[in-house]
Amino acid sequence: MRAVLKIGGSLLYDDNGQIRIDRLREYADSIKSLVKDGHSLVVVVGGGKPARVFISAARELGANEAQCDWLGIKLARNNAELLCAALGNLAYPKIIDDYDELEVAFNHGKVVLLGGMVPGQSTNAVAAASAELVQADMLFNATNVDGVYDRNPEENGSKKLDTVDITQLREILSSEGIRAGQYNLFDPVAIGIVERSRIPTVIFNGNDPKNLKRVFSKEKIGTRILHNKNE
Ligand code: UTP
């Protein structure tokens, strides 16, 4: 299938902010095997811990929100560079920074990598826009929770949802931040794009790299966003 995979930056750093080389290798190996199985992939990598660290320092030093977003954009691109290195020849050698280029690169038959693109959104919006552009069959979002919860997953009694419709998703995420570095599961731009193009989307836990194979094999893990009550 033709798919866009978003890898949350938080998956690539440990609690001390060190890069998880092992995790990057595991992702690269899984991606290689998916390509071998005939899948075409665009991979969007998030900013993770370094984005948060730089953004909070810049904010403290007086940077405005757009300047903070730019830092996040560039740090997400750096993370994409790391995955690019791990993928070697299989990857398109340049991290895409322009959507026109994405379409051209995708037609080269390589794995195409992106980080951030424009201020005011998160890399989830980049993943959604990329899925729209390449007409992806699926958008897979690897994050550090098991999926979408009916309320804050840290709250007692919260429940992971197997499916969620867009209205419910908007409601659940309405308390999310809208400042640089504070978007969590999905930002409003990402939700809008997924909704208008009815992009089949699954949010799943990327801490277990085996989950990547599972979602590509249509195993029912994580949370699937529904666009139609009969799905
Ligand atoms: P993300 O918040 O998307 O990183 O980008 P992430 O690591 O994937 O986040 P998790 O793991 O899903 O929580 C880092 C920051 O970069 C800026 C935003 O400030 C964002 O919070 N950014 C990213 C943009 O401004 N525009 C983009 O297109 C992408």
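Small disclaimer: the values here were computed from a predicted structure and weren't measured.

Looking at this structure, I do not really get the overall build of the protein. What am I missing?
Counting secondary structure elements, the protein contains eight helices and seven strands. Judged by the C-alpha coordinates and their principal axes, the protein covers about 50 × 45 × 35 Å. Scored against the burial criterion, the 231 residues of the protein give a buried share of 48%. Within the protein, contacts between residues separated by at least 24 positions form 68% of all contacts whose residues are at least 6 apart in sequence.

Can you walk me through the pairing of strand β6 (residues 201-205) in this structure?
When a strand is regular, its side chains alternate between the sheet's two faces. Buried residues dominate β6, accounting for five of its five residues. Summarising the sheet, β6 and strand β7 (residues 223-226) pair through three bridges and their orientation is antiparallel. Note that in β7 the partner of Val202 across the bridge is Arg224.

What exactly am I supposed to notice about the site of the ligand here?
Contacts to the ligand come from 25 residues, most closely from Gly48, Asp69, Val118, Thr123 and Gly181. The separation between an oxygen atom of the ligand and a polar side-chain atom of Ser10 is 3.3 Å. Alone, the ligand offers 590 Å² of accessible surface; in the complex the protein occludes 96% of this. Elements represented by at least two residues in the shell around the ligand include exactly α2 (48-60), α3 (65-87) and α5 (123-133). Within the shell around the ligand, the residues separate by chemical class into eight nonpolar, 14 polar and three charged.

Got a minute to help me understand the sheet that holds strand β3 (residues 112-114) in this structure?
Hydrogen bonds along the backbone pair up the strands of a sheet, which may run parallel or antiparallel. Overall, mixed pairing links the seven strands, which are arranged β3-β2-β1-β4-β6-β7-β5 in an open sheet. The sheet is open, and its two borders are formed by β3 and β5 (163-165), each paired with just one other strand. Neighbour-to-neighbour, the strand axes of this sheet turn through a mean angle of 20 degrees, independent of strand direction. Two strands pair when backbone bridges link them, and strand β2 (residues 40-45) and β3 are joined in this way by three bridges, in the parallel orientation. If you follow Val42 over to β3, its bridge partner there is Val112.

Looking at this structure, how should I read the nonpolar core?
Within soluble globular proteins, side chains that are nonpolar tend to cluster in buried spots. Counting residues in each nonpolar core, the largest one holds 35 residues, and the members touching the most others are Val4, Val42, Val112, Leu114, Leu139, Phe186 and Ile225. It is α5 that provides the largest number of residues to this core, a total of six residues. Membership of the second largest hydrophobic core comes to 30 residues, among which are Leu12, Tyr13, Leu41 and Leu113.

The rules we used
- Residues numbered from 1 in each chain as written.
- Predicted model: local features only at pLDDT ≥ 70, side-chain atom pairs only at ≥ 80, totals over all residues.
- Heavy atoms only, no water.
- Helix = DSSP H or I, 4+ residues; strand = E, 2+ residues; numbered from the N terminus.
- Buried < 20%, exposed > 50% of the residue type's maximum accessible area, 1.4 Å probe, protein only.
- Contact = heavy atoms within 4.5 Å.
- Pairing = 2+ DSSP bridges.
- Near = heavy atom within 4 Å.
- Polar contact = N/O pair within 3.5 Å; in protein donor to acceptor, adjacent residues only side chain to side chain.
- Areas by Shrake-Rupley, 256 points an atom, 1.4 Å probe, with all protein chains shown as cover.
- Nonpolar A, V, L, I, M, F, W, Y, C, P; charged D, E, K, R; others polar.
- Axes fitted to C-alpha atoms, helices over the stretch in contact; angles between N-to-C directions.
- Core = buried A, V, L, I, M, F, W, Y, C linked by side-chain atoms within 4.5 Å.

Function cannot be read off these values alone, since they describe shape.
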